[in-house]
Each structure stands twice: as C-alpha cells, then as structure tokens.
Amino acid sequence: MTLAFRFSALAALLLNGALSGFFYAWVCSTMWGLDAAAPEVAIRAMQAMNASVRNAVFAPAFFATGPLLLVTAVLAWKSGQSGEVSGLLALAGGVVVLGGTVLTMVVNVPMNETLALVTEAQIEADAATIWADYSAPWQVWNQTRTALTGLGLALAGAALLAARSAGA
C-alpha cells in the first residue's frame, strides 16, 4: 500500500465521517429541538445556522469528501489494490458526490435560501405555517443525504478492510 493511498484513504474516511455525522446531528437533535421551539424562534435560529454553515471548517468535509474518495479510488488502483478496493472507493465517492453534495445544492440549499428571505413581518404574521412548510420536507431530504453519506462511509470502510485483508 503506498503512502499516498494510505494518507488519502484515511483523510477521505475522516472527512466522510465528519460529513455524515454533521447531517446525522441535524436528524437526531437539531431539527427535533427546533420543532419543539416556537415556530418564530425556529425560523430565526435556522436562518442563523444556515448563514453560519458556510465556513472554512465545514467546507473541506462538504466539498472535498466525494472528490477525495474518487482520487483515493484511483490511488488504490495505481498502487495495485484489487478491483474490489478501488471499486468500493469509487462507488463511495459517487454516492457522496450525488447523495451529499449535489442533493444538498439542489434541494436543501434552495430551501435554506428561500427561508433566508422570510421577513420579520412574515414571521410575525404566519410563523407556524412557514415553519411547517419548511421543516417537514427539509428533514426528509436531510435524512436522505444522511443515509447516503452514511452508505458512502460504510463503502469506504469496507474498501479499507478489503485492502487490509489483502495484506497490502
């Protein structure tokens, strides 16, 4: 196993875990907490969290995980790993790119941008409806991206176990 493959595999696995865990935290705590709050509080809090998530700490996990898994698949192949190892890593990369990054950009981000445009007057007039219309569908898509990035993590882990059991 080459050093480049080992480093890339470890970095990809860690980033994939961070990304999947980030989405998972929204599933099992953040959205439940917001749903339990007053709708006007939930809207304002979600607006603030969505505005803060675009940062240099989150960006590597969000933007680099899928591509790094794909690069790791190439490195696995070039370092003589089995087709199983490189195939699992490529599949993990594809799942994360499509199910994490693209899904987020196509569905969750537009929903977040629409929520960001909600004014104080709109919140005061109809917060319960605004939140109900946002929260339920947002959570369905977040659960979907959580499951898909979790699948990517499982595939990446399986690839590394296959590489290790091959004695590489």
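Remember, it's a predicted structure, so these values are computed and weren't measured experimentally.

A. Just the overall build of the protein chain, in detail. Looking only at helices and strands, the protein chain has five helices and zero strands in total. When the helices and strands of the protein chain are placed in sequence order, the string is α-α-α-α-α. Across its three principal axes, the protein chain shows a C-alpha extent of roughly 65 × 25 × 20 Å. Across the 168 residues that make up the protein chain, the buried fraction comes to 39%. Counting only carbon and sulfur atoms, one obtains 71% of the accessible surface of the protein chain, whose full area is about 8400 Å².

B. Local environment of helix 5 (residues 120–165). With 46 residues, helix 5 ought to run about 68 Å at 1.5 Å a step, yet its terminal C-alpha atoms sit only 58 Å apart, falling short of that. At aspartate 126, helix 5 shows its largest bend, some 100°.

C. Representation of the packing of aromatic side chains in the model. Under the criterion given, the structure shown has eight aromatic pairs. Plain terms: the ring middles of phenylalanine 62 and phenylalanine 63 are 4.8 Å apart, the flat faces sit at 85° to each other, and that makes the pair edge-to-face. Given a relative accessible area of 4%, phenylalanine 62 falls into the buried group. Among the aromatic residues, those joined into a ring-pair cluster are Phe22, Phe23, Trp26, Phe58, Phe62, Phe63, Trp131, Tyr134 and Trp138.

D. Quick peek at the packing of helix 1 (residues 3–36) against helix 3 (residues 59–78). Where helix 1 meets helix 3, the axes come as close as 8 Å, and the angle between the chain directions of the two elements is 145°. For helix 1 against helix 3, the interelement crossing comes out left-handed. Contacts between helix 1 and helix 3 involve Ala4, Phe5, Ser8, Ala9, Ala11, Ala12, Leu15, Asn16, Ala18, Leu19 and Phe23 from the former and Pro60, Ala61, Phe62, Ala64, Thr65, Leu68, Leu69, Val71, Thr72, Leu75 and Ala76 from the latter.

E. The arrangement of the nonpolar core in detail. Counting residues in hydrophobic clusters, the biggest one holds 22 residues, and the most contacted among them are Phe5, Leu19, Leu69, Val85 and Leu89. With six residues, helix 4 (residues 83–116) is the single largest residue contributor to this core. Apart from residues lying up to four places away in sequence, phenylalanine 5 is in contact with Thr72, Leu75, Ala76, Ser79, Gln81, Val85, Leu89, Leu160 and Ala163.

F. Region of interest: the side chain of threonine 101. Turning to its location among the elements, threonine 101 is positioned in helix 4. With near-sequence residues (within four places) excluded, threonine 101 lies in contact with Phe62 and Val96.

Reading guide: rules and limits
- Residues numbered from 1 in each chain as written.
- Predicted model: local features only at pLDDT ≥ 70, side-chain atom pairs only at ≥ 80, totals over all residues.
- Heavy atoms only, no water.
- Helix = DSSP H or I, 4+ residues; strand = E, 2+ residues; numbered from the N terminus.
- Buried < 20%, exposed > 50% of the residue type's maximum accessible area, 1.4 Å probe, protein only.
- Areas by Shrake-Rupley, 256 points an atom, 1.4 Å probe, with all protein chains shown as cover.
- Expected span 1.5 Å × (residues − 1).
- Bend = angle between axes of the 7 residues up to and from the residue.
- Phe/Tyr/Trp six-rings, centres within 6.5 Å; stacked < 30°, edge-to-face > 60°.
- Axes fitted to C-alpha atoms, helices over the stretch in contact; angles between N-to-C directions.
- Left-handed = near helix turned anticlockwise from the far one by under 90°.
- Contact = heavy atoms within 4.5 Å.
- Core = buried A, V, L, I, M, F, W, Y, C linked by side-chain atoms within 4.5 Å.

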